[in-house]
Amino acid sequence: MAGIGAGSECRLFGCPSAGLWGVAMNAAEIKSRLVENAAVIYPGIYLNQLRGESIETECQQLLSNGVRNIVINFEETELINSIGISILLGVIESVNHSCGTLVLSNLNASNRELFEMLGLMSHVEMLDTEEVALAKLSGRVETVM
């Protein structure tokens with residue numbers, strides 16, 4: 001798969017400028033990596049239209065390349081606007097339509113509350129950490145609700 005490698009290799013999108021992880025990033029860039037049978041996507045600090053579209057593009061590419069397990073790690077995400085949520089709903093639908101599994105992880109309290117108020121809990125699983133999400137997707141851990 002072009003641009004995504006095993007382990008901790010990452011891919012960046014967009015034009016360079018200062019950003020997270022000490023790597024050149026701009027408002028539309030996201031970071032992603034492939035881990036075993038799943039892809040992990042990191043939206044960054046602010047999930048807005050530009051980053052949402054980057055996530056959507058990345059998910060479409062992953063799905064077209066046969067990846068069916070996707071984790072979106074919101075550990076660094078402090079704010080999600082309405083357009084970002086709208087695009088995320090489209091991503092959930094695309095993954096479900098492709099018979100894939102999407103898990104959201106590392107949500108802070110306010111983002112978790114936002115997703116719960118919007119009813120996303122019935123459409124996507126939310127787990128505490130990326131590690132738990134990856135373990136569940138690989139079949140190593142059963143989550144108790």
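I will try to describe carefully the structure that is included in this document. (Residues numbered from 1 in each chain as written. Predicted model: local features only at pLDDT ≥ 70, side-chain atom pairs only at ≥ 80, totals over all residues. Heavy atoms only, no water.)

**A word on the side chain of asparagine 111**
On the secondary structure map, asparagine 111 appears in helix H3 (residues 109–117). When sequence neighbours within four positions are dropped, the list of residues in contact with asparagine 111 reads Thr77, Glu78 and Ile80. (Helix = DSSP H or I, 4+ residues; strand = E, 2+ residues; numbered from the N terminus. Contact = heavy atoms within 4.5 Å.)

**Quick notes on the packing of helix H1 (residues 49–64) against helix H2 (residues 82–97)**
Look at H1 against H2: their axes get within 8 Å of each other, and the N-to-C directions meet at 10°. Considered as vectors, H1 and H2 are oriented roughly parallel to each other. Note on element contacts: H2 touches H1 through Ile83, Ile87, Val91, Ser94 and Val95, opposite Gln49, Gly52, Glu53, Ile55, Glu56, Cys59, Gln60 and Leu63. By residue class, the composition of the contact of H1 with H2 is seven nonpolar, four polar and two charged. (Axes fitted to C-alpha atoms, helices over the stretch in contact; angles between N-to-C directions. Parallel < 35°, antiparallel > 145°, perpendicular 65-115°, else oblique. Nonpolar A, V, L, I, M, F, W, Y, C, P; charged D, E, K, R; others polar.)

**Section: the pattern of salt bridges**
The final tally for this structure, using the stated rule, is three salt bridges. Note that arginine 112 is salt-bridged to aspartate 128, the shortest N-O span being 3.6 Å. Taken together, the positions of arginine 112 in helix H3 and aspartate 128 in the loop between strand S8 (125–127) and helix H4 (130–137) put the pair 16 residues apart, joining distant regions of the chain. Overall, the relative accessible area of 59% leaves aspartate 128 in the exposed class. Here lysine 136 and glutamate 125 are joined by a salt bridge, their closest N and O atoms 2.8 Å apart. Here lysine 136 is found in helix H4, whereas its partner glutamate 125 is found in strand S8, with eleven residues between them in sequence. (Salt bridge = Lys/Arg side-chain N within 4 Å of Asp/Glu carboxyl O. Buried < 20%, exposed > 50% of the residue type's maximum accessible area, 1.4 Å probe, protein only.)

**A closer look at a nonpolar patch on the surface**
On the surface, Ile45, Tyr46 and Leu79 cluster together into a nonpolar patch covering about 250 Å² of accessible area. Isoleucine 45 sits in the partly exposed class, given a relative accessible area of 36%. (Patch = residues over 30% accessible without salt bridge, like charges linked within 9 Å, V, L, I, M, F, W, Y side chains within 5 Å. Areas by Shrake-Rupley, 256 points an atom, 1.4 Å probe, with all protein chains shown as cover.)

**Brief notes about the packing of aromatic side chains**
Applying the stated criterion across every chain yields a total of one aromatic pair. With 5.7 Å between their ring centres and 75° between their planes, phenylalanine 74 and phenylalanine 115 make a pair best called edge-to-face. Within this pair, whereas phenylalanine 74 is found in the loop between strand S5 (69–73) and strand S6 (79–80), its partner phenylalanine 115 is found in helix H3, the two being separated by 41 residues in sequence. Phenylalanine 115 shares its class with phenylalanine 74; the two are buried. (Phe/Tyr/Trp six-rings, centres within 6.5 Å; stacked < 30°, edge-to-face > 60°.)

**Points about the nonpolar core**
Counting residues in each nonpolar core, the largest one holds 26 residues, and the members touching the most others are Ile70, Ile72, Phe74, Leu102, Leu104 and Phe115. Elements that contribute at least two residues to this core include exactly strand S3 (38–42), H1, S5, H2 and strand S7 (101–105). Of the residues forming this core, the biggest block, five residues, is contributed by H2. Contact partners of isoleucine 72, with chain neighbours within four places excluded, come to Ile41, Pro43, Ile55, Leu88, Leu102, Val103, Leu104 and Ser105. Core analysis: the next-biggest nonpolar cluster, separate from the first, contains ten residues, Val40, Val71, Val103 and Ala133 among them. (Core = buried A, V, L, I, M, F, W, Y, C linked by side-chain atoms within 4.5 Å.)

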